[in-house]
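Structural features, examined
The primary structure of each chain is shown beneath.
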Amino acid sequence: VLLAIPALLESGVLECAGKIYGSIGPAFYGLRTSLVALLLFALLRIKRPEGLKEHAPDDLGRILGLDRAPEVKTLRRKLARLASYGRAVQFGHALAQRRVSQRGSALGFLYVDGHVRVYHGQHTLPKAHVARMRLAMPATSDYWVNDRQGDPLFVVTAEANAGMVKMLPIVLAEVKTLVGERRVTIVFDRGGYSPKLFLKLVAAEGCDILTYRKGRFPRVPRRCFETHEAVLDGRKVSYLLADRKVRLLGGKLTLRQVTRLSEDGRHQTPILTSREDLLPVEVAFRMFERWRQENFFKYLREEYALDALVDYGVEPDDATRTVPNPARRKLDRKLQAARAEAITLQAEFGRAAQANRESQRSTMRGFKIAHGKLGKQLRATLKRLAALEARRSRMPLRVPVGRAIQGKVVKLAPERKLLTNLLKMVAYQAESDLVRRVVPHYKRADDEGRTLIQSALAGAADLEVTDKELRVTLAPASS
């Protein structure tokens, strides 16, 4: 794991921490030692402080140059001490500034996406839709910004699970403080679709957008599609594309729409962008590269325990902020059931009318008398449906959260979680930097680069110190 030391130092994590936190007091495990321990433990896949119980402290101490590594309670105490300063946001900003200065060329396209961390504790928290589970569950939402190569740049925790449309201006303001006057292209999914927001971002905020079009759209005729091929980022790509202009907001906003046609010719995927200088094939390629970020979330969940809670504490939340009215939501379910019942009864009534023989019942009065029970049920259901709709129309759409839930309005204490997210981000960046180092020398780097580095970090090695370098000779691996 000492292979990662140069990459960690290059990230500036110790320098930034020294400027932001200064010191955590005289201690055997000071600020630098504690941070190095947390970073190296993350690279060794010790995902939480409790994972130290499975390792001998003297063995881990050797990689820190100490007699023994900190134990669980010591490491948790160090995290609590750092969190008590309340400077994780400044720390993250300093790390992002350092990354921008090193990798400015990779920041032309920035990918923004939200990650939902499910909460299973006893406190009542706002719910968020968890796409991978297809459920709405108590959770907190983090919004990550990644560069064009999929590496994270910074993370922002959303207040009360705010959606992408609300968070994009906040994220963009942070981006502007990092890149200055440079114009960047923000890439995001359909969760951020809002033509009004697009107009604001492109005109006032001085950035470009790249996203999928949401909702219904006119299908593009088959004759408009052409094959576009190119070699981008060392990969040969080919798409069937149609390039045209579209007007939104009644003509106030004009954007470029690049539509991709599937190979079977059935499905069309429209992509909107304000970039006029890009080739259609690059517009499609950069949009579809958004899956790098999805893979990043999956990797961090599995390898770094991104969703694990390191702090169970809560703090008061704003009780006046508004949330969707839960009483209205309950009434919506009743309305849906009443509408379904009315449709069923009407269909049954219609089938009875179709099967009615005029020789037996030549008048409507006779038909109604014969099916009096069914008609009575239908009238009662329609009356109940009308009452529910009238009741729903009088309900407010949103109410203060203090009225919506019972008990105190709280949120998870964000400081320690943000701090550990930042350290996992730095560890991932170091791992990515090592992968890039081996790419010119390893033919299967695209498929197995991370596996190779992960095995190397966890493996044994011989260390040889020379006048100019620390030479690490890895022990032979099984493959």
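Look above for the structure.
Bear in mind the structure is a predicted one, so any value in this text is a computation, not a measurement.

Before going further, it helps to examine the packing of aromatic side chains. The full count for this structure, using the stated rule, is 12 aromatic pairs. Between Phe28 and Tyr29, the ring centres sit 4.9 Å apart and the planes meet at 85°, which makes this aromatic pair edge-to-face. Owing to a relative accessible area of 11%, Tyr29 belongs among the buried residues under this scheme. Judged by centre distance (6.0 Å) and plane angle (45°), the rings of Phe188 and Phe198 are tilted. Note that Phe188 is positioned in the loop between strand S5 (185-187) and helix H8 (195-205) and Phe198 in helix H8, a separation of 10 residues in sequence. Take Phe188 and Phe198: they sit in the same class, and that class is buried. Counting every residue linked through ring pairs, the aromatic cluster contains Trp144, Phe296, Phe297, Tyr299, Tyr304 and Tyr428. The ring of Tyr212 has Arg190 sitting right over it, with the charged end atom 4.5 Å from the ring centre. We note Arg450 situated over the ring of Tyr299; from NZ or CZ to the ring centre the distance is 5.4 Å.

Now for the packing of helix H2 (residues 13-21) against helix H3 (residues 31-43). Running from N to C, H2 and H3 cross one another at 135°; their axes reach a closest spacing of 10 Å. With respect to each other, H2 and H3 are oriented oblique. H2 and H3 meet at a crossing whose hand is right-handed. Contacts between H2 and H3 involve Val13, Leu14, Ala17, Gly18 and Tyr21 on the former and, on the latter, Leu31, Arg32, Leu35, Val36 and Leu39. Looking at the contact of H2 with H3 residue by residue, the classes come out as eight nonpolar, one polar and one charged.

With seven bridges connecting them, strand S7 (residues 226-232) and strand S8 (residues 235-248) associate as antiparallel partners. Looking across to S8, one finds that Glu229 is bridged to Ser238. The loop that links S7 with its antiparallel partner S8 comprises two residues; one of these, Asp233, has a positive phi angle of about 50°.

Within soluble globular proteins, side chains that are nonpolar tend to cluster in buried spots. Residues Phe41, Leu43 and Phe91 are the most contacted members of the largest nonpolar core, which totals 53 residues. Sort the elements by how many residues they give to this core and helix H15 (residues 414-438) lands first, with 11 residues. Phe91 has contacts with Val13, Cys16, Ala17, Ile20, Tyr21, Leu419, Leu422 and Leu423, leaving out every residue within four places of it along the chain. Formed by 34 residues, the second largest nonpolar core is a distinct cluster that contains Val145, Met167, Leu253 and Leu272.

Empty space within the largest pocket amounts to approximately 1,600 Å³. For the largest pocket, the lining is made up of 45 residues, of which Lys127, Ala128, His129, Ser141 and Asn161 are closest to its centre. Going through the elements one at a time, strand S1 (109-118), strand S2 (127-130), strand S3 (135-146), helix H7 (164-179), helix H10 (291-304), strand S12 (322-324), helix H11 (326-354) and helix H14 (401-404) are the ones with two or more residues in the lining of the largest pocket. Its residues assigned to classes, the lining of the largest pocket comprises 21 nonpolar, 10 polar and 14 charged.

A few words on H15. In an α-helix, one full turn covers 3.6 residues, which means residues spaced three or four apart are oriented alike. Taking 1.5 Å per residue, 25 residues should reach 36 Å; H15 reaches 37 Å between its end C-alpha atoms and fits that length. With 21 of 25 residues buried, H15 is to be regarded as a mostly interior element.

Here we come to the pattern of salt bridges. Considering all chains together, one arrives at 34 salt bridges under this definition. Here Arg290 makes a salt bridge to Asp113, at a shortest N to O gap of 3.2 Å. With Arg290 in the loop between helix H9 (280-288) and H10 and Asp113 in strand S1, this pair connects stretches of sequence that are 177 residues apart. Given a relative accessible area of 6%, Asp113 falls into the buried group.

This part is about unusual backbone geometry. Located in the positive-phi region is Arg45, a residue other than glycine, with phi close to 65°. Tracing the chain through its elements places Arg45 in the loop between H3 and helix H4 (57-64). Although it is not a glycine, Leu249 adopts a positive phi angle of roughly 55°. Residue position: Leu249 is located in the loop between S8 and strand S9 (253-261). On the accessibility criterion, Leu249 (31% relative accessible area) is partly exposed.

For the rest of this paragraph, the subject is the pairing of strand S6 (residues 208-212). Judged by how many residues are buried, S6 sits mostly within the fold: five of five residues are covered. Side chains of S6 alternate between two faces, with Asp208, Leu210 and Tyr212 and Ile209 and Thr211 buried alike. As judged from the three bridges shared by S5 and S6, these two strands associate in the parallel manner. Bridge pairing links Thr185 to Asp208 in S6. For S6 and strand S10 (residues 268-273), the ladder comprises three bridges, and the chain directions are antiparallel. Bridge pairing in S10 places Thr211 opposite Leu272.

Calculation rules
- Residues numbered from 1 in each chain as written.
- Predicted model: local features only at pLDDT ≥ 70, side-chain atom pairs only at ≥ 80, totals over all residues.
- Heavy atoms only, no water.
- Phe/Tyr/Trp six-rings, centres within 6.5 Å; stacked < 30°, edge-to-face > 60°.
- Buried < 20%, exposed > 50% of the residue type's maximum accessible area, 1.4 Å probe, protein only.
- Helix = DSSP H or I, 4+ residues; strand = E, 2+ residues; numbered from the N terminus.
- Lys NZ or Arg CZ within 6 Å of the ring centre and 35° of its normal.
- Axes fitted to C-alpha atoms, helices over the stretch in contact; angles between N-to-C directions.
- Parallel < 35°, antiparallel > 145°, perpendicular 65-115°, else oblique.
- Left-handed = near helix turned anticlockwise from the far one by under 90°.
- Contact = heavy atoms within 4.5 Å.
- Nonpolar A, V, L, I, M, F, W, Y, C, P; charged D, E, K, R; others polar.
- Pairing = 2+ DSSP bridges.
- Core = buried A, V, L, I, M, F, W, Y, C linked by side-chain atoms within 4.5 Å.
- 1 Å grid on protein atoms, 1.4 Å probe; cavity = no way out; pocket = protein on both sides within 12 Å on 5 of 7 lines; lining within 4 Å.
- Points joined across faces, edges and corners; volume = space filled by probe spheres on them.
- Expected span 1.5 Å × (residues − 1).
- Salt bridge = Lys/Arg side-chain N within 4 Å of Asp/Glu carboxyl O.

Read these as layout, nothing more, since geometry by itself doesn't imply function.
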